[in-house]
Amino acid sequence: MRGSNWSEWTADIASAIQALGISVGGHFSLSQMYQFEKLLHKLHPSNNHIQAKIRQQLQVLQELGYVLFINNKGLYQLIQELPE
């Protein structure tokens, strides 16, 4: 279901979710995703707004039907298997 919004950043965020060991139906938090901030900055050194980019890409993954935003406390659910 990769769409035109799928980018290198989207793939990196998908890989981070996979690294958390989340399976379909499982939950993860924004704070868990922020643990990848240093790694993502190494991959994208020109971006100085990594946390904002993480949130943006989670929104892209939601629009593509992979994740669901659960609440305002930063909780997400993986609702479809992410592509490799």
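Residues numbered from 1 in each chain as written. Predicted model: local features only at pLDDT ≥ 70, side-chain atom pairs only at ≥ 80, totals over all residues. Heavy atoms only, no water.

Novice: Please clarify how the packing of helix α1 (residues 8-19) against helix α4 (residues 50-63) should be interpreted in this entry.
Specialist: The description of two helices packed together rests on the angle between their axes and the distance between the axes. Contact geometry of α1 with α4 gives a least axis separation of 9 Å together with a crossing angle of 85°. Compared by their axis directions, α1 and α4 come out roughly perpendicular. Contacts between α1 and α4 involve Trp9, Thr10, Ile13, Ala14 and Ile17 from the former and Ile50, Lys53, Ile54, Gln57, Leu58, Val60 and Leu61 from the latter. Residues that form the contact of α1 with α4 fall into these classes: 9 nonpolar, 2 polar and 1 charged. (Axes fitted to C-alpha atoms, helices over the stretch in contact; angles between N-to-C directions. Helix = DSSP H or I, 4+ residues; strand = E, 2+ residues; numbered from the N terminus. Parallel < 35°, antiparallel > 145°, perpendicular 65-115°, else oblique. Contact = heavy atoms within 4.5 Å. Nonpolar A, V, L, I, M, F, W, Y, C, P; charged D, E, K, R; others polar.)

Novice: How do you make sense of the nonpolar core when you look at a structure like this?
Specialist: Buried together is how nonpolar side chains tend to be arranged in soluble globular proteins. Ile13, Ile17 and Leu58 are the most contacted members of the largest nonpolar core, which totals 23 residues. When neighbours within four sequence positions are excluded, Ile17 is seen to be in contact with Ile22, Phe28, Met33, Leu58, Leu61, Val67 and Leu82. (Core = buried A, V, L, I, M, F, W, Y, C linked by side-chain atoms within 4.5 Å. Buried < 20%, exposed > 50% of the residue type's maximum accessible area, 1.4 Å probe, protein only.)

Novice: Could you clarify how one ought to interpret the packing of aromatic side chains in this entry?
Specialist: Centre-to-centre distance and the angle between the planes together describe a pair of aromatic rings. Summed over the entire model, instances satisfying the criterion amount to 3 aromatic pairs. Taken together, a centroid distance of 5.6 Å and an interplanar angle of 15° make the contact between Phe28 and Tyr76 stacked. With a gap of 48 residues between them, Phe28 in strand β1 (residues 27-29) and Tyr76 in strand β3 (residues 75-78) connect regions that are remote in the sequence. Residue class for Tyr76 comes out buried when judged on its relative accessible area of 7%. Connected via pairs of aromatic rings, a cluster forms that spans Phe28, Phe69 and Tyr76. (Phe/Tyr/Trp six-rings, centres within 6.5 Å; stacked < 30°, edge-to-face > 60°.)

Novice: Is there a simple way to think about the sheet that holds strand β2 (residues 67-71) in this case?
Specialist: Strand pairs in the sheet, formed through backbone hydrogen bonds, run parallel or antiparallel to each other. Strand order in the open sheet formed by 3 strands is β1-β3-β2, with antiparallel pairing between adjacent strands. Where the open sheet ends on each side, the last strands, each with one partner, are β1 and β2. Put simply, the sheet's adjacent strands are angled 35° from each other on average, direction ignored. Strand direction decides the pairing type here: β1 and β3, joined by 3 bridges, are antiparallel. Considered in β3, the bridge of Ser29 is made with Leu75. (Pairing = 2+ DSSP bridges.)

Novice: Is there a simple way to explain the environment of Leu40 in this structure?
Specialist: Within the secondary structure, Leu40 sits in helix α3 (residues 37-43). Distance from Leu40 to Leu82, taken between C-alpha atoms, is 18 Å for residues 42 residues apart in sequence. Leave out the neighbours within four places in its chain, and Leu40 touches Trp9, Asp12, Ile13, Ile50 and Ile54.

Novice: Can you help me understand a nonpolar patch on the surface in this one?
Specialist: Together, Leu68, Ile70 and Ile79 give the surface a local cluster of nonpolar side chains, amounting to about 220 Å² of exposed area. Along the chain, Ile79 falls in the segment after β3. Here Ile79 falls in the partly exposed class, since its relative accessible area comes to 41%. (Patch = residues over 30% accessible without salt bridge, like charges linked within 9 Å, V, L, I, M, F, W, Y side chains within 5 Å. Areas by Shrake-Rupley, 256 points an atom, 1.4 Å probe, with all protein chains shown as cover. Salt bridge = Lys/Arg side-chain N within 4 Å of Asp/Glu carboxyl O.)

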